[in-house]
Structure formats: C-alpha cells, structure tokens
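Structure at a glance
Take a look at the letters that make up each chain.
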Amino acid sequence: MAAALCAATILQLRLPDEKGDGTSSVVSETFVRDCLRYRNTLVYSKPISTEMLLTSLFLHMYYANSNQVHAATFALRDAITSAHLLRLDDHITLESLPDGQRELRIRIFWVLFVTERTFCSHHNFPVLLQKMDCLPNPDENRYGASCSIVEFCKLVRLFTTTESLLPRQPTLEYVPPQPSQVKDELQVIYQNINKIAMHQVNMPLLQEVNIQTTRAWLQSLLWQRALSNFLLDSQASEIIFTPEYPFTLAKDLLGFLSKIPLQLIKPHAYAMVSRSFATPFFNLG
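Parameters and conventions
Residues numbered from 1 in each chain as written. Predicted model: local features only at pLDDT ≥ 70, side-chain atom pairs only at ≥ 80, totals over all residues. Heavy atoms only, no water. Helix = DSSP H or I, 4+ residues; strand = E, 2+ residues; numbered from the N terminus. Buried < 20%, exposed > 50% of the residue type's maximum accessible area, 1.4 Å probe, protein only. Contact = heavy atoms within 4.5 Å. Areas by Shrake-Rupley, 256 points an atom, 1.4 Å probe, with all protein chains shown as cover. Phe/Tyr/Trp six-rings, centres within 6.5 Å; stacked < 30°, edge-to-face > 60°. Lys NZ or Arg CZ within 6 Å of the ring centre and 35° of its normal. Expected span 1.5 Å × (residues − 1). Arc of directions from axis to C-beta. Polar contact = N/O pair within 3.5 Å; in protein donor to acceptor, adjacent residues only side chain to side chain. Axes fitted to C-alpha atoms, helices over the stretch in contact; angles between N-to-C directions. Parallel < 35°, antiparallel > 145°, perpendicular 65-115°, else oblique. Left-handed = near helix turned anticlockwise from the far one by under 90°. Nonpolar A, V, L, I, M, F, W, Y, C, P; charged D, E, K, R; others polar.

All right, on to the overall build of the protein then. Along the backbone of the protein there are 12 helices and 0 strands. Reading the helices (α) and strands (β) of the protein from amino to carboxyl end gives α-α-α-α-α-α-α-α-α-α-α-α. Among the 285 residues that make up the protein, the fraction classed as buried is 45%. Expressed as a percentage of contacts within the protein between residues at least 6 apart in sequence, the contacts between residues at least 24 apart total 71%. Accessible surface computed for the protein: about 15200 Å², of which carbon and sulfur atoms make up 58%.

Further remarks concern the packing of aromatic side chains. Summed over the entire model, instances satisfying the criterion amount to 7 aromatic pairs. With a centroid separation of 6.0 Å and 35° between ring planes, the pair formed by Phe109 and Phe113 is classed as tilted. Of this pair, Phe109 and Phe113 both sit in helix α6 (residues 99-123), 4 residues apart, which is roughly one turn of the helix. Their ring planes at 55° and their centres at 5.8 Å tell us that Phe159 and Trp217 sit as a pair that is tilted. Highlighted residues: Phe159 in helix α7 (residues 149-160) and Trp217 in helix α9 (residues 205-228), separated in sequence by 58 residues. For Phe159, a relative accessible area of 0% puts it in the buried group. Given the relative accessible area of 2%, Trp217 is considered buried. Positioned above the aromatic ring of Phe113 is the side chain of Arg117, whose terminal nitrogen or guanidinium carbon lies 3.8 Å from the ring centre. Above the plane of the ring of Phe241 lies Lys183, whose end atom (NZ or CZ) is 5.2 Å from the centre.

With that out of the way, let us pick up helix α10 (residues 245-257). Between its first and last C-alpha atoms α10 spans 18 Å; for 13 residues at 1.5 Å apiece the expected length is 18 Å, and the two agree. Along α10, the residues classified as buried are Tyr245, Pro246, Leu249, Ala250, Leu253 and Leu257. Angular distribution of buried residues about the axis of α10 spans 130°; they occupy a single face of the element.

Its 25 residues give α6 an end-to-end C-alpha distance of 36 Å, which sits within 8% of 36 Å, the value for a rise of 1.5 Å per residue. Within α6, 19 of the 25 residues are buried, leaving the element largely enclosed by the surrounding structure. At the C-terminal side of α6, Asn124 shows a positive phi close to 60°.

Let's shift gears to the side chain of Thr160. Here Thr160 lies in helix α7. A distance of 3.2 Å separates the side chain of Thr160 from the backbone oxygen of Arg157, its partner in a polar contact. Once you skip the residues sitting within four places of it in the chain, Thr160 turns out to touch Trp110, Phe113 and Lys131.

One non-glycine residue, Arg87, adopts positive backbone phi at about 55°. Summarising the element assignment, Arg87 is placed in the loop between α4 (69-86) and α5 (91-95). Non-glycine residue Phe230 carries a positive phi angle of around 55°. Tracing the backbone through its elements, the reader meets Phe230 in the loop between α9 and α10.

At a minimum axis distance of 10 Å, the contact between α6 and α7 shows a crossing angle of 45°. Comparing the axis directions of α6 and α7 gives the class oblique. Between α6 and α7 lies a crossing of left-handed hand. Every residue of α7 that contacts α6 at Arg107, Trp110, Val111, Phe113, Val114, Arg117 and Thr118 is listed here: Ile149, Phe152, Leu155, Val156, Phe159 and Thr160. Looking at the contact of α6 with α7 residue by residue, the class counts come to 9 nonpolar, 2 polar and 2 charged.

Right, dumping it as structure tokens:
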C-alpha cells in the first residue's frame, strides 16, 4: 500500500527525484513495480482488507494520472469489489465496528465514491457504487487529517445531489421522463449545487478550488442534459437553460482560477484537468 501511495503522490504532484537523476514518472513507476511484485505474491483467498482496497485505489490514481485508462479502470473496479466484499456501504456492518474503524471505513467509501464518479463520468463508464446515508463525522479527527472533513462532506454532497447526471447501466424497466419533469429536476439540482458550493470565508483555499471546479463541472453536465432534452431557450429565466450559459460558466471558472496560486491547483492534478476541460467551451472563457 505504501508503495502505491508513493507512486500516486509523486506522479500527481510531479515531485522531482531528490537526486535529480530521474523524472516523477520514472520514480513512481519504480514504486508501482515494487507494489505489483509484492501484490502478486498475495493469495486472493485471504480476507480482503482496507489496505488491499487502498492499494488498488492508489494504483488507480497512478494509472489515471499517467493516462493509462485501461489499467486505471481495472484498478478502480478492483477497489470497488473490495469495498463490496468489506460491505463498506452496509449500515449494519458499520454499526458493528468500533468508532475509529467505522469512521475510517466511511471515509474510505466516500473517497472511492467521488473517485469513481469523476473517472467514470470523464470516460463515460457506468458507475457501480451506490450512495449511502452515513457521512464522515466532522468531529472525528483522530487520524490527524490536514484537510477539513466539513469541506470533504460538501464535496460528497455535490456528487450525491447530481446522481441522475452520471452514467449508469441502463435497465429494462427504465422509462424516459417527460421534458417538463427533466426541467424541474435540473432546476432543483442547479439550485442545490449553488447552495452546497456557496463560498464560505473560513474555507481553506485548497478545498475551495476543488469545490468550485467541481461545481462548474457538474453545472456543465446540467446544461448538457438540458441541451440533449431540447430545453434551451434564449429567453429562459434560469440561466442554466440559456444557450450561452457555457460561456458564462467558463468565464467565471477561469476568473476564479486565475486568482489562485499555482501550487494550490497542482495537487488536484487529474481531477482538476478532467473536470475543468469537461466544462463546455472552457478554452473560450
């Protein structure tokens, strides 16, 4: 797990080799080889652990950052399978655990949840994880997390409130909603996104970058859904239903990011790029 974490971190942050004789991709690839060499010695008949899940998740992050889509997909699905086997989304199982273990598993679940939503939406893959009711406890900080759990919960709520926008495996029972129903749903989601992502003075800037980029990306998905359902109208009272909304969205996002120090943007790496450039007309903002 440590080797996979090092590989993902080095590549995501583009950390240079301390000796100066290797690039971040070369160094991180070495960690991945060591990780896979050890992992191949494990027997899958042994009980699944959170460490095995996190190893797959960190490998996914490495592969996603190095644009190895197939490998990233397999690693992500492996992590999700581990989550299902560990029953991370099962309320009864979570309640049976000590407080520390329960909180750790809840956080792991939601990190995996957000990761899957970002990756699958970017590559148009169906999502597998279903949302659950338990959110991380903001008062539980025994792991010494440097980021605010409150902001992380806000990010989670952004994703859960837009579930209907993300790719899913079609079912035989699916009945397309009427355009009026779609418009009402999109309007409610749009309002909820703005409410959740509302700027707070005390929010750390690093988290603010993530929240606002995610907000813009999700709102672009809303607009695309409105477009595909022929709901756009130049006279619409809600800006999300106007043809020119992507220009406004891209302009606002670029205006926000232009004021942010580069070192606060770099840590978001793959997610930042995939969400930003998924925003329509981003380059025209």
